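# Understanding the architecture of this molecule
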Amino acid sequence: MPDPVPFRRPKPGTQPPYDAPAYGSTHKRHPKQALVTVPHTLTETSAPRFDPAFYPPQVDMSQVGGRAAMGERIIVAGRVTDEDGRPLRGAMVEVWQANSSGRYHHPRDQHDAPLDPNFEGRARLFTDAEGNYSFVSIKPGAYPWRNHANAWRPIHIHFGLHGAGFAQRMITQMYFPGDPLLPLDPVFNCTADEAARNRLVSRFDLDVTKPEWALGYRFDIVLRGPAATPFENAP
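Our subject in this report is the structure included herewith. (Residues numbered from 1 in each chain as written. Predicted model: local features only at pLDDT ≥ 70, side-chain atom pairs only at ≥ 80, totals over all residues. Heavy atoms only, no water.)

### Looking at the overall build of the chain
- On a plain count of helices and strands, the chain comes out with 4 helices and 13 strands.
- Since a compact globule built from 235 residues should have a radius of gyration of about 18 Å, the 18 Å found for the chain is in line with a globular shape.
- Taken along its principal axes, the extent of the C-alpha atoms in the chain is 55 × 45 × 35 Å.
- Relative to its full complement of 235 residues, the chain shows a buried share of 42%.
- Across the chain, every contact between residues at least 6 apart in sequence was considered, and the portion connecting residues at least 24 apart equals 70%.
- Surface summary for the chain: the accessible area is close to 13600 Å², and the carbon and sulfur share equals 57%.
- Side-chain charges of the chain comprise 26 positive and 25 negative groups, with the mean position of each set lying 4 Å from the other. (Helix = DSSP H or I, 4+ residues; strand = E, 2+ residues; numbered from the N terminus. Rg over C-alpha atoms; globule rule 2.2 N^0.38 Å. Buried < 20%, exposed > 50% of the residue type's maximum accessible area, 1.4 Å probe, protein only. Contact = heavy atoms within 4.5 Å. Areas by Shrake-Rupley, 256 points an atom, 1.4 Å probe, with all protein chains shown as cover. Lys, Arg positive; Asp, Glu negative; His and termini not counted. Charge placed at Lys NZ, Arg CZ, Asp CG, Glu CD.)

Pasting the structure below:
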């Protein structure tokens, strides 16, 4: 049996480095030694099976128990593909974000902003046969962080994509067009290539928008190759 053909690697500068000087916490947590490639066993490459029967989808973050969250309702949709445009079918996608005032529903977030009892800020969904996904949420707010004295994160949504096993998980962030904080954000700007950075910015999509109900944004994700979406844990 011939060896598998390796997938095409990303172009230099199109993925963020492990240690980005302007992004202060990366200096404390990035690997200090050269990375070692560990052969993957069946456990890492084929388990667990993320089946909707065992991981129930939750695709509407805009309400809890039928009670609407505060803020601007939005729809986010997109397609997940490989470097050749082939769809990633049945992939589990986890989503998490801050609420409309810029606070996470998490005990460690003590930002001086109100919590919303009708917003938990997390979703789980699966791509269809064509790699498409969609969920409903509330547009998140910006929030301060301690990278420097007056640092604010742009509004964003976190994505975690799962393949067939533990060794197949990628994490990224989706930003919104026109955000004035983007030029100032070291997380966004630690990807050197401008075109690659811009692949992290969603685009307004009237076809995704639901009349008189919610604006729609499209965020397509390419998993690998020269046009790959920048990922936080890319090799």
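Alright, that's what it looks like, and here's the rest.
### Thoughts on the sheet that holds strand β5 (residues 122–126)
- If you trace the 4 strands from one edge of the open sheet to the other, you get β5-β4-β9-β10, paired in antiparallel fashion. The sheet terminates laterally at β5 and β10 (169–175), the two strands that pair on one side only. Neighbouring strand axes in the sheet, compared pairwise and without regard to direction, differ in orientation by 20 degrees on average.
- Note: strand β4 (residues 92–96) against strand β9 (residues 156–162), 5 bridges, orientation antiparallel. For Glu 94, the partnering residue across the bridge sits in β9 and is Gly 160. (Pairing = 2+ DSSP bridges. Axes fitted to C-alpha atoms, helices over the stretch in contact; angles between N-to-C directions.)

### Some thoughts on the packing of aromatic side chains
- Taken as a whole and judged by the stated rule, the model has 10 aromatic pairs.
- Note on Tyr 23 and Trp 145: the rings are 5.6 Å apart at their centroids and 70 degrees apart in plane angle, and the pair reads as edge-to-face. Taken as a pair, Tyr 23 in the segment before α1 (24–29) and Trp 145 in strand β7 (residues 143–145) lie far apart in primary sequence, 122 residues in all. In this pair, the class of Tyr 23 matches that of Trp 145, namely buried.
- Centroid distance Tyr 175 to Phe 188: 5.2 Å. Interplanar angle 70 degrees. Geometry classified as edge-to-face. Highlighted residues: Tyr 175 in strand β10 and Phe 188 in helix α3 (residues 186–189), separated in sequence by 13 residues. The pair Tyr 175 / Phe 188 is uniform in exposure class, with both members buried.
- Members of the aromatic cluster, each reached through a chain of ring pairs, are Tyr 133, Phe 135, Phe 159 and Phe 219.
- When the ring centre of Trp 145 is taken as reference, the NZ or CZ atom of Arg 153 above it lies at 5.7 Å.
- For Lys 210, the ring lying beneath its charged end belongs to Trp 213, and the centroid distance is 4.6 Å. (Phe/Tyr/Trp six-rings, centres within 6.5 Å; stacked < 30°, edge-to-face > 60°. Lys NZ or Arg CZ within 6 Å of the ring centre and 35° of its normal.)

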